[in-house]
Each structure stands twice: as structure tokens, then as C-alpha cells.
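Below, each chain spelled out in residue letters.
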Amino acid sequence: AETQRPAQLTDERVIELIRLYVRPGFYGRGIGSHLLQAVKQHAVNSGYSGLWLRVWEKNSGAIRMYERDGFKQLSSEPYFIGITANPVVLMVKKLS
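Described below are features of the structure shown in this document. (Residues numbered from 1 in each chain as written. Predicted model: local features only at pLDDT ≥ 70, side-chain atom pairs only at ≥ 80, totals over all residues. Heavy atoms only, no water.)

1. Focus on the environment of Asn-86
- As for its placement among the helices and strands, Asn-86 is situated in strand β4 (residues 84–94).
- In sequence terms Asn-86 and Asp-69 are 17 residues apart; their C-alpha atoms lie 24 Å from each other.
- Filtering out sequence-adjacent residues up to four positions away, Asn-86 remains in contact with Glu-77, Pro-78, Tyr-79 and Ile-81.
- Among the polar contacts listed, one links the side chain of Asn-86 to the backbone oxygen of Thr-84, at a separation of 3.4 Å. (Helix = DSSP H or I, 4+ residues; strand = E, 2+ residues; numbered from the N terminus. Contact = heavy atoms within 4.5 Å. Polar contact = N/O pair within 3.5 Å; in protein donor to acceptor, adjacent residues only side chain to side chain.)

2. A short note on the pattern of salt bridges
- The full count for this structure, using the stated rule, is 6 salt bridges.
- Asp-69 is the partner of Lys-93 in a salt bridge, and the nearest nitrogen-oxygen pair spans 3.3 Å. Remark: Asp-69 occurs in the loop between α2 (60–68) and β3 (72–81) and Lys-93 occurs in strand β4; sequence separation between them is 24 residues.
- Several salt bridges converge on common partners, so that one network encompasses Glu-16, Arg-54 and Glu-77. (Salt bridge = Lys/Arg side-chain N within 4 Å of Asp/Glu carboxyl O.)

3. Digging into the sheet that holds strand β2 (residues 50–56)
- Pairing is mixed across the open sheet formed by 4 strands, whose spatial order is β1-β2-β4-β3. Only two strands of the sheet have a single partner each, and these edge strands are β1 (14–16) and β3. Ignoring strand direction, the axes of neighbouring strands in this sheet form an average angle of 30°.
- As paired strands, β2 and β4 are joined by 7 bridges and run antiparallel to one another. Paired with Trp-52 across the two strands is Val-92, which belongs to β4. (Pairing = 2+ DSSP bridges. Axes fitted to C-alpha atoms, helices over the stretch in contact; angles between N-to-C directions.)

4. Observations regarding the packing of aromatic side chains
- All told, the structure shown has 1 aromatic pair when counted by the stated rule.
- Considering the side-chain rings of Tyr-66 and Phe-71, the 5.3 Å spacing of their centres and the 65° angle between planes classify their relative orientation as edge-to-face. (Phe/Tyr/Trp six-rings, centres within 6.5 Å; stacked < 30°, edge-to-face > 60°.)

Written out as C-alpha cells, the structure reads:
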């Protein structure tokens, strides 16, 4: 399900990447990067100009992967699961 767009993302042509998971036994094999490339290509082919996402701030491996791919950190915010606030990093990347 789509989540609420952060106020600082005013371009409606920037679409949210909600989830991208790789099974732990397959980490470090480039699978996440390949999946991300497919997502970016599909977004471009669909007329979008960028991607945005939220990632748990303690998921340093995912943050590194997104930064290597050119995503920039915009801010940090709480993401609520029930009444528990989980800090997440908001990231965005322009596509060409």
C-alpha cells in the first residue's frame, strides 16, 4: 500500500519504492542492486522522473546500497507500527 508522500517531495512524477527485500542468505551477491535496476527501468518506462523510499535507520546495508546507487538522504522521521515509532531515513533519487 502506498504511504503518505512527504511534504518536501512536491514532484508528482517521483514514485515511492515501498519494499525491496532479499533473503539474508543471499546478501552480498548483488541481487538487491539488480532488483533496484529493474525497478528504476520500469519507473522510467512508466514516465516517472525519480524514486523515493523510507529505510529503517539501523539498516546500514540497505542505506549503503541506495547511496552507492545515487540516492540522497533528505531527512529522518518516525514511522509508526502500532504505537511504536521506528526512525526511518527518507531517501530520493532522480532518474534519467
